[in-house]
Amino acid sequence: RSHVHNEWVRESALLGLARRKLLNFKKRHGARPCMLVKPEWVVPERFVVRRPCPTGPGWEVLVKWCGLGFECATWEVDGSAVLLQPEHLELHHAMW
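Residues numbered from 1 in each chain as written. Predicted model: local features only at pLDDT ≥ 70, side-chain atom pairs only at ≥ 80, totals over all residues. Heavy atoms only, no water.

Chemist: Would you take a moment to explain the sheet that holds strand S2 (residues 59-65) for this structure?
Modeler: In sheet architecture, strand pairing relies on hydrogen bonds along the backbone and comes in two forms, parallel and antiparallel. As summarised here, the arrangement of the 3 strands in space is S1-S2-S3, forming an open sheet in which the pairing is antiparallel. Either end of the sheet is taken by a strand with one partner, and the two such strands are strand S1 (44-52) and strand S3 (74-77). Within this sheet the neighbouring strands show an average axis-to-axis angle of 35°, counted without direction. With 4 bridges connecting them, S2 and S3 associate as antiparallel partners. Within the sheet, the bridge partner assigned to Val61 lies in S3 and is Glu76. (Pairing = 2+ DSSP bridges. Helix = DSSP H or I, 4+ residues; strand = E, 2+ residues; numbered from the N terminus. Axes fitted to C-alpha atoms, helices over the stretch in contact; angles between N-to-C directions.)

Following this line, the structure appears as structure tokens:
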């Protein structure tokens, strides 16, 4: 999954899911909020190729994200909100 799908989770929920990992993270980074994801990682740089969606009708698009290599490219459902934002329409039209 790409970083565009990241979501915030309450610390109390993390304590129940991964207590040791959370405590190690807080030991390393402190209790202050920190952002480990760069904002450009959620901006499409290029739509590489499309393929028929394996889970149903429609297409999927292989998206190369800004600031990340091709090894971090992800398949996104064509027509998803992030792909159809006005600033990314040129990328979409170039692929078709």
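Chemist: Looking at this structure, I do not really get the packing of aromatic side chains. What am I missing?
Modeler: The description of two aromatic rings rests on the distance between their centres and on the angle between their planes. The full count for this structure, using the stated rule, is 0 aromatic pairs. Arg51 extends its terminal NZ or CZ atom over the ring of Trp75, reaching a point 3.8 Å from the ring centre. For the cation-ring pair, Lys64 lies above Phe70, with the distance from its terminal atom to the ring centre recorded as 5.7 Å. (Phe/Tyr/Trp six-rings, centres within 6.5 Å; stacked < 30°, edge-to-face > 60°. Lys NZ or Arg CZ within 6 Å of the ring centre and 35° of its normal.)

Chemist: Could you clarify how one ought to interpret the environment of Trp8 in this entry?
Modeler: Among the secondary structure elements, Trp8 is positioned in the segment before helix H1 (11-29). On the basis of relative accessible area, Trp8 is assigned to the exposed category, the value being 72%. Once the C-alpha coordinates of Trp8 and Lys21 are considered, the two residues, 13 residues apart in sequence, prove to be 16 Å apart. (Buried < 20%, exposed > 50% of the residue type's maximum accessible area, 1.4 Å probe, protein only.)

Chemist: It is not clear to me how the environment of Glu71 should be interpreted in this structure. Could you clarify?
Modeler: Positionally, Glu71 belongs in the loop between S2 and S3. The exposed category is assigned to Glu71, whose relative accessible area is 68%. Measuring from C-alpha to C-alpha, the distance between Glu71 and Phe47 comes to 14 Å, with 24 residues separating the pair along the chain.

Chemist: How should I be thinking about the pattern of salt bridges in this particular structure?
Modeler: Pairs can form between side chains of opposite charge whenever their charged atoms are close. For the structure shown, the criterion picks out 3 salt bridges. The shortest N-O distance in the salt bridge between Glu11 and Lys26 comes to 2.7 Å. The class of Glu11 is partly exposed, set by a relative accessible area of 42%. Two residues, Glu45 and Lys64, come together in a salt bridge whose shortest N-O distance is 3.1 Å. Of this pair, Glu45 sits in strand S1 while Lys64 sits in strand S2; the two residues are 19 residues apart in sequence, bridging distant segments of the chain. Lys64 gets classed as buried once you look at its relative accessible area, which sits at 8%. (Salt bridge = Lys/Arg side-chain N within 4 Å of Asp/Glu carboxyl O.)

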